[in-house]
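# A look at the structure
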Amino acid sequence: MAEVNVQTYPVKQADEQVISPWREAWRTLRKNKLALVGMGIIGFFVIVALLAPWIAPYPYDVGDLKMKNQPPSEQHLLGTDYNGRDVLSRVIYGARISLWVGTFAVIGSVVAGTILGLLSGYYGRWVDTLISRLFDIMLAFPSILLAIAIVAILGPSLQNALLAIAIVNIPTFGRLVRSRVLSLKEEEFVMAARAIGMKDSRILLQHILPNSMAPIIVTGTLGIATAIIEAAALGFLGLGAQAPEPEWGKMLSDSRQYIQKAPWTVIFPGLSIMLTVLGFNLIGDGLRDALDPRMKN
Amino acid sequence: MSQPVLQIENLQTHFFTDRGQVPAVDGVSITVHKGEVVGIVGESGCGKSVTSLSIMKLVPNPPGKIVGGAIRFKGEDLVLASEKRMREIRGNEIAMIFQEPMTSLNPVFTIGDQIGEAIRLHTKTSKKEARQKSIEMLKKVGIPRAEAIVDEYPHQLSGGMRQRVMIAMAMACNPELLIADEPTTALDVTIQAQILDLMRQLNQEADTAVLLITHDLGVVAQMCHRVVVMYAGNVIEEGDVRTILKNPKHPYTIGLLNSLPKLEESQERLYSIPGNVPIPGSLTAGCRFAPRCEQAMDRCRQEMPELIPVEENHRSRCWLSI
């Protein structure tokens, strides 16, 4: 075949850069002030968590009992708790735990939910029935109750709390992915992929999965916030982190009897939970605006 | 002539729905020879697209199923072929272009990725070579700045450009048969002409047989060697393009041609065939067109005619053609 001579239309300016959909989303995200605030908050906590051993002024697990329930002072910027431990140091180390639990619980649910959702959406029939009914059953329980039941079986510890939160959130992602697959598999580009002789499994991974990433990322980011709250709740109930781990929820429950005498022991862990959750929610909302094609003008 | 590239014999593709079995394609026979462009025309819902999807065995199942007939591709019956064999054929020996260029490309991959993918599925090619080949194909289909376009995303291209990309993708593995399902319907008229030009040139240069599905008789006149007119799941008339356009025998074909606007004559109102295409599944005995036919006789309502030879290379399914 030789080259075909067809008239060409006026071409775009050559200096126009090629922008991938992800870069374009990043540009939109950067314009969103609230999302930037969210990223600032989370960025701050991430740095704090990473540098914890260097920036924490005191160890998180040893306190001076003579100095218990001291108000914020020059020595202890956020005061001390009922064991005389430095609240600031514990909040700093707590950031590690909360971010770790939130992130990995969501990664776990996303991976499991995505695999189940892809299978159920693409293959349909009995696979779909089986997986969907399983999700229905799991969603019939209040999530925190289900998490408590799982931790009760496995035994209270931070790892088991993380596992429980991951399991409880699988149906959220499973259903999301399934519904994406159901609509995407009717798309013409999926038919076109089959028409060039592509296997089902490759269509699933190469065409359907990448097109489902946007909602997964958005829900995943918002899910980190929920997971952090759930981890704090389990910690508060004594089913998550165990003493002396400085988990924020655990700190709240341990100090709640001193709430009148030493409010700083409750305020600062509570504030940290609130801020990280807010941060993830702001990023999540920003991502939704940036990644949702319907929001584009 | 040598063995035809494609020989469809008495193909029956039925849909099994809650309201019973619907014969969308009911006994269609079409032959395509090497290097030939065959058009399938007919109104919406007459079974054109289902026929083309049946050849690729891409009819959604359930509810659709090929229940009878044979599809011989170079002698091999595709109806009996395994899914694995079909995957080897799809894209490599038979390629397909779809109606909607706006949605036929995956929005998250670059043009080069997608053409390269088609090449790499069927040939052992490195990524680099596939990219080179993609650029080459883009140039072949008349895309300007192919080196830059190869790294662009579908949303940056216009409809006409995307359809060119689809054609480049379809032609990448040098298929022997190209099925084009209304390739120009979604494009505006000037782009339509360019795409048709391009397809004709590719057909002549690569000797690829083309099965062109359309409802546009203008496209048929411009492109095809032979034409098959379908109505309600049946072939009702077939023959050389000139014969059919100049001397149509079946009242339906005559009706279709009369409903085209003509430049020479000023018409008050455009002719239209009375009635609608029957809903498949609600068919009665006799000729399927009889309820809408102005020349229907008693015999038409009782007996379905066969494809009756009118002259050489021209057959019509009508009692009047005897």
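Residues numbered from 1 in each chain as written. Chains lettered and ligands numbered in written order. Predicted model: local features only at pLDDT ≥ 70, side-chain atom pairs only at ≥ 80, totals over all residues.

Of the residues in chain B, 97% have a pLDDT of 70 or more, and the chain-wide mean is 83. ipTM for the predicted complex: 0.78, alongside a pTM of 0.76. (pLDDT = per-residue confidence, 0-100.)

Once that is clear, we can look at the UniProt feature "transmembrane region" (unreviewed entry) in chain A. Using the residue numbers shown here, the UniProt feature "transmembrane region" (unreviewed entry) corresponds to residues 34–56, 97–122, 134–155, 161–177, 216–242 and 262–284 of chain A. Between the end C-alpha atoms of residues 97–122 of chain A there is a gap of 37 Å, over a span that is 100% helix and 0% strand. (UniProt positions renumbered as here; feature names shortened; annotations may be inferred. Helix = DSSP H or I, 4+ residues; strand = E, 2+ residues; numbered from the N terminus.)

Cross-referencing UniProt, the feature "domain: ABC transmembrane type-1" (unreviewed entry) maps to residues 95–284 of chain A in the present numbering. In this annotation, residues 95–284 of chain A is assigned 83% helix and 0% strand; the end-to-end C-alpha distance for the span is 19 Å.

All right, on to the environment of glutamate 247 of chain A then. Residue and element names in this part refer to chain A. Along the chain, glutamate 247 turns up in the loop between helix 9 (200–236) and helix 10 (248–255). The buried category is assigned to glutamate 247, around which 28 C-beta atoms lie within 10 Å. Residues glutamate 247 and valine 91 lie 156 residues apart in sequence; the distance between their C-alpha atoms is 8.0 Å. (Buried ≥ 20, exposed ≤ 12 C-beta atoms within 10 Å, placed from the backbone.)

Here we take up the nonpolar core. Of all hydrophobic cores here, the largest spans 166 residues; its most connected members are Ala161 and Ile165 of chain A together with Ala168 of chain B. Among the elements that take part in this core, helix 9 of chain A stands out by supplying 15 residues, more than any other. Those residues in contact with alanine 168 of chain B, other than ones at most four positions away along the chain, are Ile115, Met137, Leu138, Lys140 and Val141 of chain B. (Core = buried A, V, L, I, M, F, W, Y, C linked by C-beta atoms within 7 Å. Contact = placed C-beta atoms within 7 Å.)

Residue and element names in this part refer to chain B. The strand order across the open sheet formed by four strands is 2-1-4-5, and the pairing between neighbours is antiparallel. Of all strands in the sheet, those bounded by a partner on one side alone are strand 2 (20–32) and strand 5 (76–77). Alignment of strand 1 (residues 6–17) against strand 2, held across ten bridges, turns out to be antiparallel. Each residue of the ladder has a partner; that of phenylalanine 16, found in strand 2, is glutamine 21. (Pairing = 2+ DSSP bridges.)

Of the residues lining the interface, 36 residues belong to chain B; the matching set on chain A comes to 24 residues. When residues of the side of chain B that touches chain A are traced back to their parent elements, those giving at least two are helix 2 (83–89), helix 3 (111–122), helix 4 (127–140) and helix 7 (189–206) of chain B. When residues of the side of chain B that touches chain A are assigned to their parent elements, the largest contribution, seven residues, is made by helix 7 of chain B. Looking at the side of chain B that touches chain A, its residues break down into 16 nonpolar, nine polar and eleven charged. (Nonpolar A, V, L, I, M, F, W, Y, C, P; charged D, E, K, R; others polar.)

Moving on to unusual backbone geometry. Residues and elements named next belong to chain B. A positive phi angle, near 50 degrees, is found at asparagine 174, a position not held by glycine. Structurally, the position occupied by asparagine 174 is in the loop between helix 6 (159–171) and strand 7 (177–181). On the basis of neighbour count, asparagine 174 is assigned to the partly exposed category, with 13 C-beta atoms found within 10 Å. The phi angle at asparagine 313 is positive, at roughly 60 degrees, despite the residue not being glycine. The exposure class assigned to asparagine 313 is exposed, which follows from the 12 C-beta atoms found within 10 Å.

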